[in-house]
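Observations on the model geometry
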Amino acid sequence: MVVSTTQIGLPLFVLGQSKDPHSERGVDCPGELPPASDPALVQRARRAKAALGDRLFVLGHHYQRDEVIQFADVTGDSFKLAREAAARPDAEFVVFCGVHFMAESADILTGDHQKVVLPDLAAGCSMADMATFDQVEECWEVLEDAGIAGVTVPVTYMNSSADIKAFCGRNGGAVCTSSNAKRALTWAFEQGEKVLFLPDQHLGRNTAVLELGLSLSDCVVYNPHRPNGGLTEAQLRDAKIILWKGHCSVHGRFTAESVDDVRERVPGVNVLVHPECRHEVVTKADYVGSTEYIIKRLQEAPAGSSWAIGTELNLVKRLATMFPDKNVSFLDKTVCYCSTMNRIDLPHLVWALESLAAGTLVNQITVDEDTTHWAKVALDRMLALP
Ligand code: 13P
Ligand code: SF4
């Protein structure tokens, strides 16, 4: 099954429960999904992987379950995985254990002879779904009417659909990830006077204010569900950075109170959060960075130190196991996985690998030629950042 996202139209179906055939397409596994209770799943995955040998390259994002991450040839944050995908021209199949926008980016960055596979097509991202192509085009028209489109550089977070990346490529902009947002915004402000930052308002605000020294009053939030984004022309003209009203449903859960609370409970605790967290959380934290940065910070931390981590739970649990000499806890009191990242489980991975080993290509992610061209322009600008 080949799925072109620009053909099916986002948003992807998130939870896989509905009976609506328009939203459910892609959720069904064509073929037999092994039961999660099958005790031979690990063995089956190993066997299929060995049968595929060098034809296969498996990428795993840090938020993936342990049962899946053990089969990744490389693990990483979004930036590292994009680079790794681009650096494997010999792999016929790139199986992406992550979410849809990551697999799309891998398809854009790999050659035509390579096939990118997402083991469960319902592994989307609620943040990416918060900016559709039509909404972004409409926003650009609002900026044109306000006379500022010509001096505005669009920058999209990696967590966006391929057509939003292509929009940025076409309009002189770039992609960024949480590990290079400062460099990308610095670059963008060298190209123009203003930045339209999509779709994560928190990463945009945190980077602009805490890394680039802009003030909160330099930022406005464009709400795609309000006429003219809910902003006046004067507000748009005065702003340095126009933040799209999008957020991550996982990182949006952490609150400033959770930081105060952990500081009271755990003396000397280090609070380490992802920049997708809200501004008031990031401002109260001790350290901020991408998933790769979070891991590095823990690796370098002295034995006996205490860490409260504000990011997805699979990664926090893994860190606690990896560093038993450090006191690692989840920043929030209630647990929170990324439900879409979690859709990639061992049964889906086994099904995808066994299908490929048997000569059946399943769940291929493809991006059409024009979108690929312009999205690659934006991705290449990111990859070329100093
Ligand atoms: P990074 O791994 O790039 O930090 O991104 C986090 C994330 O939310 C991916 O969806
Ligand atoms: Fe999207 Fe947030 Fe999940 Fe990342 S953690 S895939 S941004 S919903």
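Residues numbered from 1 in each chain as written. Chains lettered and ligands numbered in written order. Predicted model: local features only at pLDDT ≥ 70, side-chain atom pairs only at ≥ 80, totals over all residues. Heavy atoms only, no water.

**Focus: the UniProt feature "binding site: [4Fe-4S] cluster" (unreviewed entry) in the protein**
With numbering aligned to this structure, UniProt lists the feature "binding site: [4Fe-4S] cluster" (unreviewed entry) at Cys125, Cys248 and Cys338. Over a stretch of 214 residues, the named residues converge on one spot in the fold, their C-alpha atoms separated by at most 9.4 Å. By the element assignment, Cys125 lies in the loop between strand E5 (115-117) and helix H7 (133-145). With residues up to four places along the chain from it excluded, the contact list for Cys125 reads Val99, Phe101 and Thr340. For Cys248, the location among the structural elements is in the loop between strand E10 (241-244) and helix H12 (256-265). (UniProt positions renumbered as here; feature names shortened; annotations may be inferred. Helix = DSSP H or I, 4+ residues; strand = E, 2+ residues; numbered from the N terminus. Contact = heavy atoms within 4.5 Å.)

**So, the pattern of salt bridges**
If the charged atoms of two oppositely charged side chains come close together, the side chains can form a pair. Under the counting rule described, the total for this entry stands at 19 salt bridges. The salt bridge partner of Arg44 is Glu354, with a shortest N-O separation of 2.7 Å. Here Glu354 lies in helix H16 (residues 346-357) and Arg44 lies in helix H3 (residues 41-52), a separation of 310 residues in the sequence. The salt bridge involving Lys49 is made with Asp73; its shortest N-O contact spans 2.8 Å. A residue pair is termed long-range when its members are at least 10 positions apart, and Lys49 in helix H3 and Asp73 in the loop between helix H4 (66-69) and strand E3 (74-76) qualify at 24 residues. Three or more residues are tied together by salt bridges with common partners; here these are Asp38, Arg44 and Glu354. (Salt bridge = Lys/Arg side-chain N within 4 Å of Asp/Glu carboxyl O.)

**As for the site of ligand 2**
Contacts to ligand 2 come from Tyr63, Val99, Cys125, Ser126, Met127, Asn159, Cys248, Glu276 and Cys338. When its residues are assigned to classes, the shell around ligand 2 shows 6 nonpolar, 2 polar and 1 charged. (Near = heavy atom within 4 Å. Nonpolar A, V, L, I, M, F, W, Y, C, P; charged D, E, K, R; others polar.)

**A closer look at the pairing of strand E6 (residues 152-157)**
In terms of burial, E6 is largely enclosed, as 6 of its 6 residues are buried. Summarising the sheet, E6 and strand E8 (residues 194-198) pair through 5 bridges and their orientation is parallel. Counted as the bridge partner of Thr156 is Leu198 from E8. Across 3 bridges, the pairing between E6 and strand E7 (residues 174-176) is parallel. Note on E7: the bridge partner recorded for Thr156 is Val175. (Buried < 20%, exposed > 50% of the residue type's maximum accessible area, 1.4 Å probe, protein only. Pairing = 2+ DSSP bridges.)

**With respect to the site of ligand 1**
Taken together, 14 residues lie around ligand 1, and His61, Ser178, His274, Glu276 and Thr291 are the ones closest in. Interatomic distance of 3.4 Å between a side-chain N/O atom of Asn159 and an oxygen atom of ligand 1. Ser178 places a side-chain nitrogen or oxygen 2.8 Å from an oxygen atom of ligand 1. For the shell around ligand 1, the residue count by class is 5 nonpolar, 7 polar and 2 charged. (Polar contact = N/O pair within 3.5 Å; in protein donor to acceptor, adjacent residues only side chain to side chain.)

**Quick notes on the confidence of the model for the protein**
Confidence in the prediction of the protein, expressed as mean pLDDT, is 92, and 92% of residues score 70 or more. The low-confidence segment residues 1-26 (pLDDT under 50) makes 49 contacts with residues lying over four places distant or belonging to another chain. (pLDDT = per-residue confidence, 0-100.)

**Observations regarding the sheet that holds strand E11 (residues 270-273)**
Overall, parallel pairing links the 4 strands, which are arranged E12-E11-E13-E14 in an open sheet. Two strands bound the open sheet, and with one partner strand each, they are strand E12 (287-288) and strand E14 (327-330). Sheet topology note: the E11/E12 ladder contains 2 bridges and is parallel. Bridge pairing links Val273 to Val288 in E12. Across the sheet, helix H14 (residues 291-300) is in contact with E11, E12, strand E13 (306-310) and E14; its angle to E11 comes to roughly 155°. (Axes fitted to C-alpha atoms, helices over the stretch in contact; angles between N-to-C directions.)

**Quick word on the side chain of Gln201**
Mapped onto the fold, Gln201 is located in helix H10 (residues 201-211). A residue is classified by how much of its surface remains accessible, and Gln201, at 11% relative accessible area, is buried. A polar contact of 2.8 Å, which involves the side chain of Gln201, links it to the side chain of Arg205. In contact with Gln201, not counting residues within four places along its chain, are Val221, Leu243, Trp244, Lys245 and Gly246.

**Overview of the UniProt feature "binding site: iminosuccinate" (unreviewed entry) in the protein**
According to UniProt, the positions carrying the feature "binding site: iminosuccinate" (unreviewed entry) are His61, Ser78, Tyr157, Met158, Asn159, Ser178, His274, Pro275, Glu276 and Thr291. Among the secondary structure elements, His274 is positioned in the loop between E11 and helix H13 (279-284). Not counting chain neighbours up to four residues away, the residues in contact with His274 comprise Tyr63, Tyr157, Ser178, His251, Val282, Val288, Gly289, Ser290, Thr291, Ile294, Gly310 and Thr311. On the basis of relative accessible area, Glu276 is assigned to the buried category, the value being 5%. If near-sequence neighbours (up to four positions away) are discounted, Glu276 is found in contact with Met127, Tyr157, Asn159, Asp200, His202, Cys248 and His251. Here the side chain of Glu276 touches Tyr157 through a polar contact of 2.5 Å, side chain to side chain.

**A few points about the domain arrangement of the protein**
Where interface size is quoted, it is often the accessible area lost as the parts come together. Each assigned domain of the protein is listed here: domain 1 (2-125 + 340-368), domain 2 (128-248) and domain 3 (251-330). Of the residues lining the interface, 11 residues belong to domain 1; the matching set on domain 3 comes to 11 residues. Buried area between domain 1 and domain 3, summed over both chains or domains, comes out near 860 Å², and the portion from carbon and sulfur atoms is 42%. The tally of links from domain 1 across to domain 3 stands at 2 salt bridges. Its salt-bridge partner being Lys80, residue Glu292 comes within 3.6 Å of it at the nearest N-O pair. Taken together, the connections running from domain 1 to domain 3 amount to 10 residue pairs in polar contact (both at pLDDT 80 or more). Among the residues making up the side of domain 1 that touches domain 3, the classes are represented as 2 nonpolar, 5 polar and 4 charged. (Domains from an automatic or database assignment. Buried area = accessible area lost by both parts, 1.4 Å probe.)

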